[in-house]
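Now for the letters of each chain:
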Amino acid sequence: MAIGERIRFFRNLRGMTQKYLGMLLGFQENTADIRIAQYEAESRTPKKETLEAIASTLDVSPYALNVPDIDTYSGLIQTLFVLEDLDGLTVERRGDEVILRFDSLRGMSAAIISEMITSWAVFSEKYQSGEISKDDYDHWRYHYSKYGDLPILRKTNPRSDPNKEMRDAVLKRFKEKRRKENPPEKMPH
């Protein structure tokens, strides 16, 4: 789903017209709806600052709008193949089910993605059990970058990195799991 479709999806979810969203963003009243229509039709791409403003106005993370384009089945399967190659995605059959999972022993990226998928499963289970509402679940999903951004993939200053603690904990668990599953060979006496 491309950016324009995501903007439309969240705008409709919030019950906003194109004109209302455009005016909230500070566009002139006589062109506000045209500008949003152009973004949604993808005849115009919002600049980074505008995308951030749209996300803020729609009360979602900018990452929720900027989803990779996987609108075709071919594009989706190719994305999964890349995840298999780079990030430890595995596919297996169990009876009649096909299961996708991330092998956390395939490296740091796979460990972090596995941790993120696990967080998703936890929130999904909470929603399914009635422990949290659909609004709470959607809020968690649409603001996920606040809870699980991947600064490890960027160069960051460790002293100013708010997610360092989370990454360190994931790395520690990854190393412990690897140690348990691949214990060092004992030295003969």
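Structure shown above.
A short tour of the structure in this document, coming up. None of these values were measured; they are calculated from a predicted model.

Two elements in contact, helix H1 (residues 3-13) and helix H3 (residues 32-41), have axes whose closest approach is 6 Å; the angle formed by their N-to-C orientations is 125 degrees. Looking at the two axes, H1 sits oblique to H3. Facing H1, whose interface residues are Gly4, Glu5, Ile7, Arg8 and Arg11, H3 presents Ile36, Tyr39, Glu40 and Ala41. Residue composition of the contact of H1 with H3, grouped by class: four nonpolar, one polar and four charged.

Formed by 17 residues in total, the largest nonpolar core has its most connected members in Phe10, Leu21, Ile54, Leu58, Val60 and Leu65. Contributions of two or more residues to this core are made by H1, H3, helix H4 (48-58) and helix H5 (62-65). With four residues, the single largest contributor to this core is H4. Beyond its immediate sequence surroundings of up to four residues, Ile54 is in contact with Ile7, Leu25, Tyr39, Pro46 and Leu65.

Here we come to H4. For H4, the full list of buried residues reads Thr50, Leu51, Ile54, Ala55 and Leu58. Taken around the axis of H4, the buried residues stretch over an arc of 140 degrees, which confines them to a single face. Among the exposed residues of H4, those oriented more than 90 degrees off its buried face are Lys48, Glu49 and Ser56. On its buried side, H4 packs onto H1, helix H2 (18-24), H3 and H5. Within two residues after H4, Asp59 carries a phi angle of roughly 60 degrees, on the positive side.

Packed helices, taken two at a time, are described by the angle their axes make and the gap between the axes. Contact geometry of H1 with H4 gives a least axis separation of 10 Å together with a crossing angle of 25 degrees. Classified by the angle between their axes, H1 and H4 sit roughly parallel to one another. The hand of the H1/H4 crossing is left-handed. Between H1 and H4, the residues in contact are Ile3, Ile7, Phe10 and Arg11 and Leu51, Ile54 and Leu58, respectively. When the residues that make up the contact of H1 with H4 are grouped by side-chain class, the tally is six nonpolar, no polar and one charged.

Here we take up the packing of aromatic side chains. Under the definition given, this model contains six aromatic pairs. With a centroid separation of 6.4 Å and 80 degrees between ring planes, the pair formed by Phe9 and Tyr142 is classed as edge-to-face. Taken together, the residues span a long stretch of sequence, with Phe9 in helix H1 and Tyr142 in helix H8 (residues 134-142) at a distance of 133 residues. Judged by centre distance (4.4 Å) and plane angle (10 degrees), the rings of Phe123 and Trp140 are stacked. Of the two residues, Phe123 is situated in helix H7 (residues 108-128) and Trp140 in helix H8; the sequence distance between them amounts to 17 residues. Seen from the ring of Phe123, Lys126 lies directly overhead, with NZ or CZ sitting 5.3 Å from the centre. Seen from the ring of Tyr127, Lys134 lies directly overhead, with NZ or CZ sitting 5.8 Å from the centre.

All right, on to helix H6 (residues 73-87) then. The first and last C-alpha atoms of H6 sit 20 Å apart over 15 residues, in line with the 21 Å expected at 1.5 Å per residue. Where H6 terminates, the next one or two residues include Gly88, which has phi positive at roughly 80 degrees.

Positive phi is not limited to glycine here, since Glu42 has a value of about 65 degrees. Within the element layout of this structure, Glu42 appears in the loop between H3 and H4. A relative accessible area of 41% means that Glu42 is categorised as partly exposed.

Parameters and conventions
Residues numbered from 1 in each chain as written. Predicted model: local features only at pLDDT ≥ 70, side-chain atom pairs only at ≥ 80, totals over all residues. Heavy atoms only, no water. Axes fitted to C-alpha atoms, helices over the stretch in contact; angles between N-to-C directions. Helix = DSSP H or I, 4+ residues; strand = E, 2+ residues; numbered from the N terminus. Parallel < 35°, antiparallel > 145°, perpendicular 65-115°, else oblique. Contact = heavy atoms within 4.5 Å. Nonpolar A, V, L, I, M, F, W, Y, C, P; charged D, E, K, R; others polar. Core = buried A, V, L, I, M, F, W, Y, C linked by side-chain atoms within 4.5 Å. Buried < 20%, exposed > 50% of the residue type's maximum accessible area, 1.4 Å probe, protein only. Arc of directions from axis to C-beta. Left-handed = near helix turned anticlockwise from the far one by under 90°. Phe/Tyr/Trp six-rings, centres within 6.5 Å; stacked < 30°, edge-to-face > 60°. Lys NZ or Arg CZ within 6 Å of the ring centre and 35° of its normal. Expected span 1.5 Å × (residues − 1).

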